[in-house]
Amino acid sequence: MIIVNIIYIVVTVAITITLTILSRNRRDRLSTERNRYIKQIIALLLDENPAHNKILTHSNKSRIALAEAIYIVMSHTYNNDTEPLRQIVEQNRLENLLLREIRRSRGARRARMLMLLSAIPSSEDIFSQLYDYIHSRDRDIRISALTATLAA
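As a starting point, this report considers the structure included with it. None of the values given here were measured: they were computed from a predicted structure.

## Considerations on unusual backbone geometry
For Arg93, which is not glycine, the phi torsion reads 50° and is therefore positive. You can see Arg93 is positioned in the loop between helix 3 (83-92) and helix 4 (94-104).

## Focus: the packing of helix 2 (residues 60-76) against helix 4
Close contact between helix 2 and helix 4 brings their axes to 10 Å; oriented N to C, the two are set at 100°. In terms of orientation, helix 2 and helix 4 fall into the roughly perpendicular class. Seen from helix 2, the contacting residues are Asn60, Arg63, Ile64, Leu66, Ala67 and Ile70; seen from helix 4, they are Leu94, Leu97, Leu98, Arg100 and Glu101. Considering only residue class, the contact of helix 2 with helix 4 consists of seven nonpolar, one polar and three charged.

## Points about the pattern of salt bridges
Side-chain pairs of opposite charge can arise where the charged atoms are in close proximity. In the structure shown here, the tally under the stated rule is five salt bridges. Across the pair Glu68 and Arg34 runs a salt bridge whose closest N-O atoms are separated by 3.0 Å. Of this pair, Glu68 sits in helix 2 while Arg34 sits in helix 1 (residues 2-46); the two residues are 34 residues apart in sequence, bridging distant segments of the chain. Here Arg139 makes a salt bridge to Asp140, at a shortest N to O gap of 4.0 Å. The exposure class of Arg139 is exposed, given its relative accessible area of 52%. With a relative accessible area of 41%, Asp140 lands in the partly exposed category.

## Overview of the packing of aromatic side chains
The tally for this structure, following the rule as stated, stands at zero aromatic pairs. Over the aromatic face of Tyr37 sits the side chain of Arg36, whose NZ or CZ is 5.0 Å from the ring centroid.

## Focus: the environment of Ile55
One can find Ile55 in the loop between helix 1 and helix 2. Among the residues examined, Ile55 registers a relative accessible area of 3% and is labelled buried. For the pair Ile55 and Val89, spaced 34 residues apart in the sequence, the C-alpha separation amounts to 9.4 Å. Leaving out residues up to four positions away in the same chain, Ile55 has contacts with Tyr37, Gln40, Ile41, Leu66, Ile88, Gln91 and Asn92.

## Topic: helix 3
Residues Pro84, Leu85, Ile88, Val89 and Asn92 constitute the buried set of helix 3. Viewed end-on, helix 3 has its buried residues packed into an arc of 140°, placing them on one side of the element. Once helix 3 ends, the next one or two residues include Arg93, with phi positive near 50°.

Calculation notes
Residues numbered from 1 in each chain as written. Predicted model: local features only at pLDDT ≥ 70, side-chain atom pairs only at ≥ 80, totals over all residues. Heavy atoms only, no water. Helix = DSSP H or I, 4+ residues; strand = E, 2+ residues; numbered from the N terminus. Axes fitted to C-alpha atoms, helices over the stretch in contact; angles between N-to-C directions. Parallel < 35°, antiparallel > 145°, perpendicular 65-115°, else oblique. Contact = heavy atoms within 4.5 Å. Nonpolar A, V, L, I, M, F, W, Y, C, P; charged D, E, K, R; others polar. Salt bridge = Lys/Arg side-chain N within 4 Å of Asp/Glu carboxyl O. Buried < 20%, exposed > 50% of the residue type's maximum accessible area, 1.4 Å probe, protein only. Phe/Tyr/Trp six-rings, centres within 6.5 Å; stacked < 30°, edge-to-face > 60°. Lys NZ or Arg CZ within 6 Å of the ring centre and 35° of its normal. Arc of directions from axis to C-beta.

This is the structure:
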């Protein structure tokens, strides 16, 4: 019986360590990817290299990282031309992804997705899709939804 308990403890600790390392690696990879997108967006806005104006993503996690990069750039700059960003948003279907994530999520994650939505150039018909979130019981969701609505 003691051997079974020891094996159980060792296996549990090994699984926990493995999952922690995998989670940290995923976070680091997404952070690196987000930083690369930030550099590409800044170069695009400065028009340093017009030949490389396309930013394409291949997964939903990459698209979220791109939305985060756009949010970071937009929150730290002022009076940018949003047309290049609008093209990036349309090419990568960021608005659809964020709206889907908002519908599927709850609480702080929903507020975060609404916050990201507020930074991207979005279509004018987004107000009807955000109306219910403006009247949410959660204060963070209400504020993020109002910000996204005002930005649209």
